[in-house]
Amino acid sequence: MSKSKQTAGYKGAYSSQKKKEGEGRSCIRYRCGLTNTIQDVLNQRPGWVEVKDDGDWDFNWCDVGWLRENFDHSYMEEHVRICHFRNHYELTRKNLMVKNLKRYRKTLEREAGRLEASKCDFFPCTFVLPSEYHIFVEEFKRSPGSTWIMKPVARSQGKGIFLFRKLKDIIDWRKDGSRSEEQKDEAQVESYVAQRYIENPYLIAGRKFDLRVYVLVTSYIPLKAWLYRDGFARFSNTRFSLSSIDDQYVHLTNVAVQKTAPDYDPEKGCKWLMQQLRQYLTAKHGFETVQTLFKEIDNIFIRSLLSVQKTIINDKHCFELYGYDILLDQDLKPWLIEVNASPSLTASSQEDYDLKYRLLEDTLHIVDMEGRLTGKEKRVGGFDLMWNDGPVYTDVGLETLGSSCLVANTHLGCVNDRQKQLQQLLKPFPGQKRT
Amino acid sequence: MIMMDESAELSVSITQIVQRLKGTHLHSQLEKQAKECLHKPEIKLETLKDDVRRFLKASGWERKLQNAVYRELHILPPPGHPRAPPEHTKEPLAYMRKAQVNWEKRILKSLNSMCTELGIPLARKRPVPEQKELTNKWNEMGTDEPDLSKFRPVYAPKDFLEVLVGLKNPNNERSEDLTVRSHWGLIQVSLNVRDIPQMREMYPELGITYGQLGIDDHTHVPPDLFESEHIHIGKKVESEQDSAAAQQYSRQGCPTGLRAQLWSLILNTSNDPEFFCFNFIKQDITHYEQLKARVIHHDLLVDNLIYKDVKLTASNDDYYFVFEDYLYQVLLCFSRDTAVLEHFNYNCATPPKSCIQSKSGSEQCAVVYPPNGVIPFHGFSMYVAPLCFLYNEPSKLYSVFREMYIRYFFRLHSISSHPSGIVSLCLQFERLLQTHLPQLFYHLREIGAQPLRIAFKWIVRAFSGYLSTDQLLLLWDRILGYDSLEIVAVLAAAVFAFRSENLMEVTSLASAEVVTCVCMCVLSNTKIVSSLTANTSNPVHPRHMFQNCWDNHF
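What counts and how
Residues numbered from 1 in each chain as written. Chains lettered and ligands numbered in written order. Predicted model: local features only at pLDDT ≥ 70, side-chain atom pairs only at ≥ 80, totals over all residues. Heavy atoms only, no water. Helix = DSSP H or I, 4+ residues; strand = E, 2+ residues; numbered from the N terminus. Buried < 20%, exposed > 50% of the residue type's maximum accessible area, 1.4 Å probe, protein only. Contact = heavy atoms within 4.5 Å. Axes fitted to C-alpha atoms, helices over the stretch in contact; angles between N-to-C directions. Parallel < 35°, antiparallel > 145°, perpendicular 65-115°, else oblique. Left-handed = near helix turned anticlockwise from the far one by under 90°. Nonpolar A, V, L, I, M, F, W, Y, C, P; charged D, E, K, R; others polar. Polar contact = N/O pair within 3.5 Å; in protein donor to acceptor, adjacent residues only side chain to side chain. Patch = residues over 30% accessible without salt bridge, like charges linked within 9 Å, V, L, I, M, F, W, Y side chains within 5 Å. Areas by Shrake-Rupley, 256 points an atom, 1.4 Å probe, with all protein chains shown as cover. Salt bridge = Lys/Arg side-chain N within 4 Å of Asp/Glu carboxyl O. Phe/Tyr/Trp six-rings, centres within 6.5 Å; stacked < 30°, edge-to-face > 60°. Pairing = 2+ DSSP bridges. Core = buried A, V, L, I, M, F, W, Y, C linked by side-chain atoms within 4.5 Å. Domains from an automatic or database assignment. pLDDT = per-residue confidence, 0-100. 1 Å grid on protein atoms, 1.4 Å probe; cavity = no way out; pocket = protein on both sides within 12 Å on 5 of 7 lines; lining within 4 Å. Points joined across faces, edges and corners; volume = space filled by probe spheres on them.

> Can you explain the overall build of chain A? Please cite residues and give values.
Within chain A, the regular secondary structure consists of 14 helices and 16 strands. A buried classification covers 55% of the 435 residues belonging to chain A. Pairs at least 24 apart in sequence give 68% of the contacts found in chain A among residues at least 6 apart.

Structure follows, in structure tokens:
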């Protein structure tokens, strides 16, 4: 791409205009590297105009490849926004995330004690291979018969993942010609992680599922993170049993993998909306238990972000919408499986499309190119402010609670009446009448 | 006609209930408890009777007996003259009885001809290897993909609607003139259905001054306050284990976290596997295991109808698809449960009989087929699907479903004059619409879009599959709470009222369907409030709809 000499985000006609408090732009030029739901959202946003190829842009929804090639060579004006942090992979690459979490946990233990550090025990025992191969083997031998999962560090959609129970299985794999070929291609030396497999996942009607949750980070220093109320549970198409490790379709719940399973029916949704799941769990386990569960899930987001807070290059131009994959076990303990910097925005059904559309629309509201927010909001559409350089609590009328207790401002799986909230919150777009 | 006086009626009922409870598991448990407590020091010979009574009360057994009696009251056959034949007591109107008999003949004929056409026996003993295979696959019958192409449902709701439309009281004068007093709808019979003022009396808890679960902006009671107090009361009701109190409580909605236990309490199915189910002679679990054994041993033709129905309806549903396996586990057992035949004591239908080869193969004898007397129709599995949200132990799920069926659902597909029967519900729906939205009704009629043709499928299924689960369960809370299906008819009318402006603009039945479908989606998209502190409200929910329409339209 010949963008290296271009100054991206050059203001052009606006150069003489200073952005006053509350005064927004009337025309926002955007660049979009993806052809899915985000394309529609940007297209349909009033006052936003697409620029192609070498044109100057105010907003860029790019893929990570573009970012890698162009970010360092681009000059961005103050108002310009881009949808990734330069080194997001510290959080989203499995080996780096593990490294950062382990280091954070150690620091926490040193500074705040065991109890506080134990709040980081939400990721299964993981080792980076080949660098940690020997300590992995030690751990492996300590728990014979348990199942482990091998995941390539940088791939997505379930590719290259397999389960194993015997060291013999991976010794063969290491020797396997086809795999070493891939390893040679990898820029990273460490290309795999071995992780203890969660053998007792929470099942609904005999099926395994994982959760996809959306977290928007607009700044790392200070850390400002928003949690979206909608999300979904992705079901495996087949019934869970440990007896067939080779049947990866059972164990992997990514929609992408499910789509290739022989009995996949594209018309049949294999997802539940988060609200449905939350209600199901509440009906089964009671309100308090589920409240605790969701608090623990919040904890996962916050701690994982804090663990990379000092590593990620903070940049006021950057924001990032993460897709968190969470797995529940039979004791209703949530586990962090993975964080995605580019969660899939392709829709698998109309309902899915609507969810992603809302999500992206609200993301753009928060990025606020139009300058309509004050910056003091705790809620924008379906997003609730989860962390703002410290925990965020709801504004609760004290008379509804017996004792004064602070309640977290997160509502994952709760009602998302965003239309109403947005109407009250936002001024109309420039040039648009309030409906 | 000589009417029995109240006290005579009461003693008849008492005798009936005592008769039914004798020999049940509860009875033997009570006896056992009474015998065992004799060892206790507080039981004295001089005051034996009172002491034992006091003991039974303190240990919670009296409450269990109360619940059992309360349950029996729900399924008591209607009171009748001792010399009246039972059919007359169950259904006093002769033309209704006749219509039901004809309808039964039709479905049975359809079933039997399918059997002959396909050359498949109505029942067949499974060979041992097949039995083994089924036992292994019991928890994942959904993975099977049998060839069901040659099976068709015995009937669909729209076939049933045609029968209801054709119902006529031979005593009425047939007049073709459309007068102000005449009925514009499809139901041509005159039954005594409640109007709005009467319903206000019957359903005071749905009035605006009462708090409701599902949050309403317009109540006098702030939603958060109401909810926390309501949950508090709910926990107390549950710990008291009082059926009648639970039923009363359910009128204002059950909190999600308590609903499963409360429904179980209302229906008197056991909550705890340690306790015993007192509805039938055997425990919940062993009864279910027996039914499962019957499924393993014999294959029934209707099983295929069940498979097909589940595959076509529940499996295609965005939420219920997960529970496919449970649906088979419940419905296959349901077909073989002869205890369900008891509900024919008060159901005006009669169990269908078919000829099955006897064991020796030489004779044919008429037996009830399917064994539970209920021929499934297209959409039947949707009665079970929402319950999977609440119960995931098959035996528990089964007993709750069975009880719901024999109390309520059966009325939605048999022809009777009962106020909760399908005919009354349809009539009530049409009358509400005609009385309160005459312009809309007239318009729809003119464009050939009779409202009942749109609403019938919702009513027959008590809205299952047409509302999101959380909304549906709130609706079913009220069905249980008021022990009546009338609310289903009111909701159906409310849907039309809610979208009356859009409906006035449609020009065809198809577009009317679309508009009402969109309305249902609106109802379904509003989600539950699952945290006390979420300052969100659920603006459109069945009860709010009633309220809105109640006050603004009706």
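Next comes the rest of the description.
> Requested: an account of unusual backbone geometry, with residues and values cited.
Along the chain, Ile221 of chain A connects to Pro222 of chain A via a cis peptide bond; the corresponding omega equals -5 degrees. With respect to the helices and strands, Pro222 of chain A occurs in the loop between strand 10 (207-219) and strand 11 (224-239). The amide bond that connects Tyr369 of chain B to the next residue, Pro370 of chain B, takes the cis arrangement and shows omega of -5 degrees. Note that Pro370 of chain B resides in the loop between strand 4 (364-368) and helix 16 (394-407).

> Run through the packing of helix 11 (residues 274-285) of chain A against helix 12 (residues 256-266) of chain B, naming residues and quoting values.
Helix 12 of chain B packs onto helix 11 of chain A with a crossing angle of 50 degrees between their chain directions and a minimal axis gap of 6 Å. Between helix 11 of chain A and helix 12 of chain B, the angle is such that the two are oblique. In the crossing of helix 11 of chain A with helix 12 of chain B, the sense of the turn from one axis to the other is right-handed. Facing helix 11 of chain A, whose interface residues are Gln279, Thr282 and Ala283 of chain A, helix 12 of chain B presents Thr256, Gly257, Arg259 and Ala260 of chain B. The residue inventory of the contact of helix 11 of chain A with helix 12 of chain B, partitioned by class, reads two nonpolar, four polar and one charged.

> Give me the side chain of His79 of chain A: which residues, what numbers.
All names here are of chain A. Tracing the sequence through the fold places His79 in the loop between helix 2 (64-70) and strand 4 (81-82). Residue His79 is classed as buried on the basis of its relative accessible area of 11%. Only 2.8 Å separates the side chain of His79 from the side chain of Asp58, close enough to count as a polar contact.

> Can you tell me about a nonpolar patch on the surface, naming the residues and giving the values?
Together, Leu10, Ile14 and Val18 of chain B give the surface a local cluster of nonpolar side chains, amounting to about 270 Å² of exposed area. In this fold, Ile14 of chain B is placed in helix 1 (residues 6-21).

> Describe the pattern of salt bridges, naming the residues involved and giving the relevant values.
Two side chains carrying opposite charge are able to pair once their charged atoms lie near each other. The final tally for this structure, using the stated rule, is 46 salt bridges over all chains. Across the pair Arg303 of chain A and Glu116 of chain A runs a salt bridge whose closest N-O atoms are separated by 2.9 Å. Within this pair, whereas Arg303 of chain A is found in helix 12 (residues 287-307), its partner Glu116 of chain A is found in helix 5 (residues 114-117), the two being separated by 187 residues in sequence. Note that Glu130 of chain B and Arg126 of chain B form a salt bridge whose closest N and O atoms lie 3.1 Å from each other.

> Outline the packing of aromatic side chains, listing residues and values.
Residues and elements named next belong to chain A. Under the definition given, this model contains 57 aromatic pairs over all chains. Ring centres of Phe209 and Phe235 lie 5.4 Å apart, and the angle between their planes is 40 degrees; this geometry places the pair in the tilted category. Of this pair, Phe209 sits in strand 10 while Phe235 sits in strand 11; the two residues are 26 residues apart in sequence, bridging distant segments of the chain. The exposure classification of Phe209 matches that of Phe235, with both residues buried. Look at Phe235 and Trp272: their rings are 5.2 Å apart centre to centre, the planes differ by 75 degrees, and that puts the pair in the edge-to-face class.

> I'd like to hear about the environment of Gly481 of chain B, residue by residue, with values.
Residue and element names in this part refer to chain B. Relative to the helices and strands, Gly481 resides in helix 20 (residues 469-482). Taking the C-alpha atoms as reference points, Gly481 and Trp263, separated by 218 residues in sequence, lie 9.5 Å from one another. For Gly481, the contacting residues outside a window of four places in its chain are Gln247, Ser250 and Arg251.

> I'd like a description of the sheet that holds strand 4 of chain A, backed by residues and values.
Residue and element names in this part refer to chain A. With parallel pairing, four strands are arranged side by side in an open sheet as 2-1-3-4. The sheet terminates laterally at strand 2 (48-50) and strand 4, the two strands that pair on one side only. As defined by bridge partners, strand 1 (residues 28-32) adjoins strand 2 across three bridges and the pair is classed as parallel. Each bridged residue has a counterpart across the sheet, and for Tyr30 the counterpart in strand 2 is Glu50. Across the sheet, helix 13 (residues 350-367) touches strand 2, strand 3 (59-61) and strand 4, and the angle it forms with strand 3 is around 145 degrees.

> Quick rundown of the nonpolar core? Include the residues and the values.
For soluble globular proteins, the rule of thumb is that nonpolar side chains tend to be buried together. With 238 residues, the main nonpolar core has Phe59, Ile204, Trp272 and Tyr322 of chain A together with Phe323 and Phe401 of chain B as its most contacted residues. When residues of this core are assigned to their parent elements, the largest contribution, 10 residues, is made by helix 21 (residues 486-498) of chain B. Here this core spans two domains, since at least three of its residues come from each of domain 1 (28-89) and domain 2 (94-123 + 200-419) of chain A. Of all hydrophobic cores here, the second largest spans 14 residues; its members include Val137, Met150, Phe162 and Leu167 of chain A.

> For the confidence of the model for chain B, give the residues involved together with the corresponding values.
All names here are of chain B. Model confidence for chain B is summarised by a mean pLDDT of 81, while 82% of its residues fall at 70 or above. Within chain B, no element has a lower average pLDDT than helix 24 (residues 542-552), which sits at 42, and none a higher one than helix 15 (residues 324-335), at 95. With pLDDT under 50 throughout, residues 272-278 is counted as low confidence; its partners more than four residues away or in other chains account for 17 contacts. Segment residues 525-554 is flagged for pLDDT under 50; beyond a separation of four residues in sequence, or across chains, it makes 106 contacts in the model. The ipTM value of the predicted complex is 0.76, and its pTM value is 0.81.

> Pulling in residues and values, what's your account of the sheet that holds strand 7 (residues 162-164) of chain A?
Residue and element names in this part refer to chain A. Ordered by their spatial adjacency, four strands build an open sheet running 5-8-6-7, and the pairing between neighbours is antiparallel. Where the open sheet ends on each side, the last strands, each with one partner, are strand 5 (126-129) and strand 7. Averaged over neighbouring strand pairs, the angle between their axes works out to 25 degrees when direction is ignored. As defined by bridge partners, strand 5 adjoins strand 8 (residues 192-196) across four bridges and the pair is classed as antiparallel. Across the sheet, Leu129 pairs through a bridge with Tyr192, a residue of strand 8. Packed onto the sheet, helix 4 (residues 94-112) meets strand 5, strand 6 (148-152) and strand 8 and runs at close to 130 degrees relative to strand 5.

> How would you summarise the packing of helix 17 (residues 422-436) of chain B against helix 19 (residues 451-460) of chain B if you had to cite specific residues and measurements?
Residues and elements named next belong to chain B. Axis separation between helix 17 and helix 19 bottoms out at 11 Å; the angle between their running directions is 135 degrees. Judged by the inter-axis angle, helix 17 sits oblique to helix 19. Crossing of helix 17 over helix 19 shows right-handed handedness. Residues Ile422, Leu425, Cys426, Phe429, Glu430 and Leu433 of helix 17 lie in contact with helix 19, whose contacting residues are Pro451, Leu452, Ala455, Phe456, Ile459 and Val460. Class assignment of the residues belonging to the contact of helix 17 with helix 19 gives a composition of 11 nonpolar, no polar and one charged.

> Help me get a handle on the side chain of Asp477 of chain B, residues and values and all.
All names here are of chain B. When you line up the elements, Asp477 lands in helix 20. Overall, Asp477 belongs to the buried group, its relative accessible area being 0%. Within the structure, the side chain of Asp477 is placed 2.9 Å from the side chain of Arg259, a separation counted as a polar contact. If we skip the residues at most four places from it in the chain, Asp477 touches Ser250, Gly253, Cys254, Arg259 and Trp263.

> Please give an account of the pairing of strand 10 of chain A that cites residues and values.
All names here are of chain A. Of all the 13 residues making up strand 10, 12 are buried; the element is thus mostly covered by neighbouring parts of the structure. Note: strand 9 (residues 203-204) against strand 10, two bridges, orientation antiparallel. Bridge pairing links Ile204 to Arg207 in strand 10. Connecting strand 9 to the antiparallel partner strand 10 that follows it, the hairpin turn spans two residues, and Ala205 within it adopts a positive phi of roughly 50 degrees.

> Can you tell me about the layout of surface pockets, naming the residues and giving the values?
Residues and elements named next belong to chain B. Put simply, the second largest pocket is a space of about 1200 Å³. Lining of the second largest pocket is provided by 45 residues; of these, Leu76, Pro77, Pro78, Pro79 and Thr89 occupy positions nearest its centre. When residues of the lining of the second largest pocket are traced back to their parent elements, those giving at least two are helix 1, helix 4 (61-74), helix 5 (86-90) and helix 16. Tallied by class, the residues present in the lining of the second largest pocket amount to 23 nonpolar, 15 polar and seven charged.

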